[in-house]
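Listed here are the chains, written in short residue letters.
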Amino acid sequence: QVQLVESGGGLVQAGGSLRLSCAASGRTFSANAMGWFRQAPGKEREFVATISYSGGYTYYADSVKGRFTISRDNAKNTVYLQMSNLKPEDTAVYFCAAALFPVLTGAGVEGYKYWGQGTQVTVSS
């Protein structure tokens, strides 16, 4: 099994940067693709980014391309989301998720089984 705990959320001004971390526990962490999702009040959960088990493949939602970077350090059992040039529309609860497979190439939630509790990111105007 995989357990996930997000951290690093907070309040930032538009144009600022924030780095989210997702600490994973479980022996199979290095074999799982990981993803970041977000959900704003009154809206559906939205795909943000995914990274393959080795970090060799990444894929981003169009809304965050060029601004967000997903990475992972398997030695530390941690996946990161570096967010730059933040905009008010980035305000949401951000969730990390672990998949059952080493690589996921789509933007959907299919394939992700384990989820963290979420961390709030608020970007002020």
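**Some details on the sheet that holds strand 3 (residues 18-25)**
Judged by pairing direction, the sheet is antiparallel, and its four strands sit side by side in the order 1-3-8-7 without closing on themselves. Where the open sheet ends on each side, the last strands, each with one partner, are strand 1 (3-7) and strand 7 (68-73). Ignoring which end each strand starts from, the neighbouring axes of this sheet average 15° apart. Bridge count between strand 7 and strand 8 (residues 78-83): six bridges; the pairing is antiparallel.

**Things to note about the side chain of N32**
By secondary structure assignment, the location of N32 is in the loop between strand 3 and strand 4 (34-39). A residue is classified by how much of its surface remains accessible, and N32, at 7% relative accessible area, is buried. At 2.4 Å, the side chain of N32 forms a polar contact with the backbone oxygen of A99. Setting aside residues no more than four positions away along its own chain, N32 makes contact with V2, Y53, R72, A99, L100, F101 and P102.

**What about the environment of E110?**
As for its placement among the helices and strands, E110 is situated in the loop between strand 9 (92-99) and strand 10 (112-115). For E110, a relative accessible area of 56% puts it in the exposed group. Sequence separation between E110 and A61 is 49 residues; the distance between their C-alpha atoms is 15 Å.

**Looking at the packing of aromatic side chains**
Applying the stated criterion to the full structure yields five aromatic pairs. Relative to F47, the ring of F37 lies with its centre 5.7 Å away and its plane at 75°, an arrangement referred to as edge-to-face. Here F37, found in strand 4, pairs with F47, found in strand 5 (residues 46-51); they are ten residues apart in sequence, far enough to count as distant. Taken as a pair, F37 and F47 share a single burial class, namely buried.

**Points about the pairing of strand 7**
On strand 7, burial follows the alternation: F68, I70 and R72 on one face are buried, whereas T69, S71 and D73 on the facing-out side are not. Between strand 7 and strand 8, which pair antiparallel one after the other, the connecting turn spans four residues, and N77 there sits at a positive phi close to 55°.

Analysis parameters
- Here, residues in each chain are numbered from 1, in the same order as that chain's written sequence.
- It should be noted that, the model being predicted, local features are given only for residues of pLDDT at least 70 and side-chain atom pairs only at 80 or more, the latter also being counted only at that level, while totals for whole chains, interfaces and linings use all residues.
- Water and hydrogen atoms were dropped before computing side-chain values, which therefore reflect all heavy atoms in the structure.
- One bridge is not enough; two strands pair if DSSP finds at least two bridges between them.
- The way it works is that DSSP assigns letters per residue, a run of H or I at least four long becomes a helix, a run of E at least two long becomes a strand, and they are numbered from the N terminus.
- Between N-to-C directions, angles span 0 to 180 degrees; the directions come from axes that are lines fitted to C-alpha atoms, helices contributing only their stretch in contact.
- Buried means the residue's accessible area, taken with a 1.4 Å probe over protein chains only, is under 20% of the maximum for its type, while exposed means over 50%, and partly exposed covers the values in between.
- Pairs of N or O atoms are called polar contacts if they sit within 3.5 Å, as long as, within protein, a hydrogen donor faces a hydrogen acceptor (for residues adjacent in sequence, only side-chain-to-side-chain pairs).
- Every residue pair with non-hydrogen atoms within 4.5 Å of one another is taken to be in contact.
- Note on ring pairs: Phe, Tyr and Trp rings are taken, using the six-membered ring of Trp, and paired if centres are within 6.5 Å. Classes follow the plane angle, with under 30 degrees stacked, over 60 edge-to-face and the rest tilted.

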